[in-house]
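Analysis of the macromolecular model
The chain contents come next:
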Amino acid sequence: MLGVWQARRHKLAQLVGDSPVLLWSGARQPRNFPANTYPFRASSHFLYFAGLSLENAVLAIEPGGTILFWDEPPPSYALWHGDSPQGEALAACLGAAACYPKSKLKEYPSLNRALTIPVPSVLGEQREILGTVPQLDPRLALAIVECRLTQDEWALQEMRRSAKVTMAAHLAGMEATPRSQTCAQVRGAIEGVIIAHDCTTAYNSIVTTQGQVLHSETYSHPLNPGDLLLVDVGAEVPSGWATDVTRTYPVTGKFSPSQKAIYEIVLQAQLAAIAMIRPGVEYQDVHLQACHVLTEGLVDLGILRGNPADLVAEHIHSAFFPHGVGHLLGLDVHDMEDLGDLAGYAPGRTRSTAPGLKYLRLHRPLQAGMVVTIEPGFYQVPSILSDPLYQPFINWEKLEELRDVQGIRIEDDVLVTPTGGEVLTQALPKTIADLEAVLV
Ligand code: GLY
Ligand code: MN
Ligand code: MN
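What this report covers is the structure whose coordinates are included nearby.

Scoring rules and cut-offs
Residues numbered from 1 in each chain as written. Chains lettered and ligands numbered in written order. Predicted model: local features only at pLDDT ≥ 70, side-chain atom pairs only at ≥ 80, totals over all residues. Heavy atoms only, no water. Salt bridge = Lys/Arg side-chain N within 4 Å of Asp/Glu carboxyl O. Helix = DSSP H or I, 4+ residues; strand = E, 2+ residues; numbered from the N terminus. Buried < 20%, exposed > 50% of the residue type's maximum accessible area, 1.4 Å probe, protein only. Donors = N, O, S within 2.8 Å, 3.2 Å for Na, K, Ca; no water. Tetrahedral: all angles 85-135°; square planar, octahedral: opposite > 155°, others 65-115°. Near = heavy atom within 4 Å. Polar contact = N/O pair within 3.5 Å; in protein donor to acceptor, adjacent residues only side chain to side chain. Nonpolar A, V, L, I, M, F, W, Y, C, P; charged D, E, K, R; others polar.

Moving on: the pattern of salt bridges. This structure, assessed with the given rule, holds 21 salt bridges. Of the charged contacts in the structure, one is a salt bridge between E422 and R160, with a shortest N-O distance of 2.6 Å. Of this pair, E422 sits in strand β17 (residues 421-423) while R160 sits in helix α7 (residues 153-176); the two residues are 262 residues apart in sequence, bridging distant segments of the chain. Among the salt bridges present, the one from R409 reaches E375, with a minimum N-O distance of 3.8 Å. Placement of R409 in strand β15 (residues 407-409) and of E375 in the loop between β13 (371-374) and β14 (377-379) is noted, with a sequence separation of 34 residues between them. By relative accessible area, which is 3% here, R409 ends up buried. With relative accessibility at 8%, the residue E375 sits in the buried group.

Set out below in structure tokens:
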């Protein structure tokens, strides 16, 4: 494994040239008082280059090698938290040349030329050591993007493991649904599997009968006959790699005719988008393909009026599909989003303000080794549907027939291979027949 972290650091050092790179791992955050904290999770940039989620550490990376700055905890630490490794052992574990106390960081040669990334939990410390407010250095950010944009073999092995846990968790949720009374009970069945695999959730789980609330974090709703349950949950393995999967299904186990009709359209949009994935294809075109298939389906059903290509060109699909078709996935569920759009958007590209494109998080040609999500959806969000832009195109009478379809999203994670796409989450039921077979 050591070779993996060393190869990653070597690549980074080559990319940034002659400036040292200082990467902070971050500190625990208190929930309500200092000794009662949220679980620690290192900054993904640190994690990527260190391979270890080590608290309060700084990695100094140079072409000649890496030094770890970290303070061994006081003897009293062991009583509450158990034994802690020695600095030298940690340095060896990371493949660093040495471990020095953090107080030595101020004496680090070329500190004034060091490139770094602000880490919210230790901004004060960064400022104190650097003597200035830490700023995102664009040269470092772009070098990190170049390293993390495509996944190496070790990362893919971890992502496959994360996908496996996620699929087992979703399956447990499906099996529990017909016997559950609330969203919280289904969430418990899902997260129980994730926890039992010694994993955490990669983001706050969405388990809701209000699928039109895109990132709902309410779990108290009852499961009523006729409801669709939208489940967007992903595991994070101990090494930090994430999965991001959504399935939507009826709580009773049987889709109504209207739910079937819309589900099929979203599924066809998702499959058409996945089928486009291969190196060189523009991700925005994958998004537009999903928009087109979705719009065509809605026109065929009589929900939207007009020519599908014209409707997409005018962004009318965003009445029902307001977000982008997906994003990069890696150590972060929206990988490297802490760098703004530097990772998601190719150099020179900026976000469109158009309704159908403004939430597109990825706008680059695909490259082999990238992992992306594909997650089209259909939602009835009153504040969006009331926008004057859409009024001439919506058949309200027809839409009235879709009262039991408030929100559907179908999301899988796809590895871009040299010749196409490999769906890492393929084994999880997704067709209506497969879902109904599990939901008994
Ligand atoms: N789970 C958040 C997303 O799908 O982007
Ligand atoms: Mn996603
Ligand atoms: Mn998701």
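Ligation of the manganese ion (ligand 2) by protein atoms is provided by D244 (OD), H327 (NE2), E375 (OE) and E411 (OE), these donors lying 2.0 to 2.2 Å from the ion. The site at the manganese ion (ligand 2) holds six donor atoms, and with the angles between them running 50 to 155 degrees, its shape is irregular. As a motif over one chain, the donors of the manganese ion (ligand 2) read D-x82-H-x47-E-x35-E. Between the manganese ion (ligand 2) and the manganese ion (ligand 3), a separation of 3.3 Å is found, and both are coordinated by D244. Of this pair, D244 sits in the loop between β11 (235-236) and β12 (245-250) while E375 sits in the loop between β13 and β14, and the two are 131 residues apart along the sequence. As far as the burial class goes, D244 and E375 line up, both buried.

Close contacts around ligand 1 come from Y203, H215, D232, D244, H327, H334, E375 and E411, and that covers them all. H327 is positioned with one of its side-chain polar atoms (N or O) 3.1 Å from an oxygen atom of ligand 1. Side-chain polar atom of E411 to an oxygen atom of ligand 1: 3.2 Å apart, as the coordinates give it. Broken down by class, the residue content of the shell around ligand 1 amounts to one nonpolar, three polar and four charged.

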